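Results of the structural survey
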Amino acid sequence: ELRGVLLLDQTGPGGVLRAEAAARFTDRMPLAGPGEFLAYLEGQDLPADTLAERAPDDDAVFLVTAAGAAGREWEAVAVAGVQEGTWPDLRLRSSLLGAQALADLLDGRTDSARPLTGADLTSARRAVLDDELRTFHVAVSRARRHLVVTAVRSEDELPSAFLDLVAPPPDDDEPRPLTEVPRSMTLPALVAELRGVLLLDQTGPGGVLRAEAAARQLAVLARAGVPGADPADWYGLPDLSGPGPLREPGQPVSVSPSKVEQFQRCALRWMLESAGGVTPSKTAQALGTLIHELAQEVPDGDLTRLLDLFDDRVERLGLGPGWVGEQARERARTMIRKFAEYVAGSGRELLAVEKDVAVPIGRARVRGQVDRLERDDEGRLVVVDLKTGRSKPAKSEIARHAQLGVYQAAVEAGGFEDVTSGGRETGGRETGGAELVHLGTTTKSLGIQRQPPLGEDDDPGWAADVVRDVADGMAGERFPATATTGCRTCAVRSSCPLRPEGRQLGECPDGPVGEA
């Protein structure tokens, strides 16, 4: 029968296509019969096409990739699916044989003997972004008269930043106009719309009646066996798999001073990021790491040596030759000058740099690394934290700044006695305060924020209390989400119930979902 289709039945509508499909099928599965051929045709989401060369058809719509459109033009071009995470696709990739990596090695851009660093990955991602920009330019420049670029905004998807290159957003605060997309005529789309009406659209006039009607329709579909209609299959409704705490009562909890404030601001963000939900290293983070590395190697603040070391190592950041790269390099040099200025004006004895600390406070095991540990004229220990970010805390927050307070509590708990000369009597547990030294702010002058010694506070034990409370919270079973000013840039906002993109699928704003 298949041979008959191929040899005899090429007339009439679709005859040639049937013949080509039969030929391809018999080549792949020579022993299969007509039933398998029909199943093959029915299982195709899109009819298979031939790769053979054909005469051009001016009345046809060309469906091509951006690379396939290179060198060609049309009167009208539609670039669809310009979504965040899809275009640009910043995943690192290479060819099967690693041709690009081999070329970089031969050209001296990489060193096979040196392990990959965060700067290497940053440079690689920047190269991928450049490739994506070039490909996008090819796609949108193929139109002679009309260009249509589409993207979808929903709870699960966001338009790509590339969309702003084609149609910049309005100058005012008005949102970009959106076009409602009608539901597709499929059972999964119908089930999704009914579930949305039932769970989310119960407000406003007639909301309850619409929800009841949606529940009845879902019940009909569930009895018919339509997937997703039965609430028993809905995500988010089953009980928690493990309702117990992360740590048993009395079990030690590792607490990093740099994470205490983050936990206080949003426990859910701390929990998700500590479980691996962090963003890849960015240029600013790599730059900050390099500045801390130089401060460790040249603790005396010798400006000439610092700048020489920076010039030797700046290529690790993968900064380009343009004005953006030069701006980042000049910002780094400014931070180095500020560090040298701080060391020259400190007047305290330096005891250690990048000093590790591990000391128990209650059930908490405080673990961290101090940028600089200094001793003042009275023999007291002063913790210094170098900051390379652009922002800094408000003055009103410094007196009870959590990170500085926890480091001071670590001093009083004996966490740095090993670097002092004689223990308690010589200041091994006496704190002289703590400081934030801001190197990365936009001002040219050096900024220092000082937290007084804990003993001068109305409640000298406030920092130790914070450590104990945070340790109990980190060991608990619930991690509530808290709305803060950092939500917009949070790396785990897609898993946050306070954000539209992070709402649970089975969540109902007015209580538990009723039975359909």
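Each remark here, short or long, concerns the structure printed above.
So, a few notes on the structure that sits alongside this text. (Residues numbered from 1 in each chain as written. Predicted model: local features only at pLDDT ≥ 70, side-chain atom pairs only at ≥ 80, totals over all residues. Heavy atoms only, no water.)

Points about the overall build of the protein
- In terms of regular secondary structure, the protein is built from 16 helices and 8 strands.
- Long-range pairs, those at least 24 residues apart, make up 67% of the contacts in the protein with a sequence separation of at least 6.
- Entry remark: accessible area of the protein is about 31,800 Å², with carbon and sulfur atoms responsible for 54%. (Helix = DSSP H or I, 4+ residues; strand = E, 2+ residues; numbered from the N terminus. Contact = heavy atoms within 4.5 Å. Areas by Shrake-Rupley, 256 points an atom, 1.4 Å probe, with all protein chains shown as cover.)

A look at the packing of aromatic side chains
- By the definition in use, this model includes 5 aromatic pairs.
- Taking 5.2 Å as the distance between ring centres and 85 degrees as the angle between the ring planes, the aromatic pair formed by W87 and F136 counts as edge-to-face. Taken together, the residues W87 in the loop between β1 (74–79) and α4 (99–106) and F136 in helix α5 (residues 118–140) connect sequence positions 49 residues apart.
- Members of the aromatic cluster, each reached through a chain of ring pairs, are W87, F136 and F162. (Phe/Tyr/Trp six-rings, centres within 6.5 Å; stacked < 30°, edge-to-face > 60°.)

A few points about the pattern of salt bridges
- Applying the stated criterion across every chain, the model contains 26 salt bridges.
- With its nearest N and O atoms 3.4 Å apart, the salt bridge here joins R144 to E73. Taken together, the residues span a long stretch of sequence, with R144 in strand β2 (residues 143–149) and E73 in the loop between α3 (34–42) and β1 at a distance of 71 residues.
- A salt bridge links E435 to R348, with the shortest nitrogen-to-oxygen separation between them at 2.9 Å. Residue E435 is located in strand β7 (residues 431–438), and its partner R348 is located in the loop between α13 (323–346) and β4 (349–361); the two are separated by 87 residues in the primary sequence.
- On the basis of relative accessible area, E435 is assigned to the buried category, the value being 7%. (Salt bridge = Lys/Arg side-chain N within 4 Å of Asp/Glu carboxyl O. Buried < 20%, exposed > 50% of the residue type's maximum accessible area, 1.4 Å probe, protein only.)

Quick notes on the pairing of β7
- With 8 of 8 residues buried, β7 lies mostly within the body of the structure.
- Bridge count between strand β6 (residues 381–387) and β7: 6 bridges; the pairing is parallel. When the sheet's bridge partners are listed, K387 is paired in β7 with H438.
- Bridge count between β7 and strand β8 (residues 447–451): 5 bridges; the pairing is antiparallel. Within β8, the residue paired with H438 across the bridge is G447. (Pairing = 2+ DSSP bridges.)

Thoughts on the nonpolar core
- V255, V260, F263, V383, F416, V470 and M474 are the most contacted members of the largest nonpolar core, which totals 38 residues.
- With 8 residues, helix α16 (residues 462–474) is the single largest residue contributor to this core.
- Apart from residues no more than four positions distant in its own chain, V383 is found in contact with V370, R372, L373, Y407, V411, G433, A434 and E435. (Core = buried A, V, L, I, M, F, W, Y, C linked by side-chain atoms within 4.5 Å.)

Re the packing of helix α9 (residues 257–265) against α16
- With their axes 10 Å apart at the nearest point, α9 and α16 run at an angle of 65 degrees to one another. Here the hand of the crossing between α9 and α16 comes out left-handed. Taken together, the residues of α16 that come into contact with α9 (itself represented by K259, V260, F263 and Q264) are V466, V470, G473 and M474.
- Split into classes, the residues belonging to the contact of α9 with α16 amount to 5 nonpolar, 2 polar and 1 charged. (Axes fitted to C-alpha atoms, helices over the stretch in contact; angles between N-to-C directions. Left-handed = near helix turned anticlockwise from the far one by under 90°. Nonpolar A, V, L, I, M, F, W, Y, C, P; charged D, E, K, R; others polar.)

Observations concerning a nonpolar patch on the surface
- On the surface, a nonpolar cluster with roughly 310 Å² of combined accessible area is contributed by L133, L147, L165 and V166.
- Classification of V166 as partly exposed rests on a relative accessible area of 35%. (Patch = residues over 30% accessible without salt bridge, like charges linked within 9 Å, V, L, I, M, F, W, Y side chains within 5 Å.)

A look at the side chain of H438
- Here H438 lies in strand β7.
- A polar contact is formed between the side chain of H438 and the side chain of Q449, at a distance of 2.7 Å.
- Apart from residues no more than four positions distant in its own chain, H438 is found in contact with K338, K387, S391, K392, P393, L446, G447 and Q449. (Polar contact = N/O pair within 3.5 Å; in protein donor to acceptor, adjacent residues only side chain to side chain.)

Geometric values such as these leave the question of function open.
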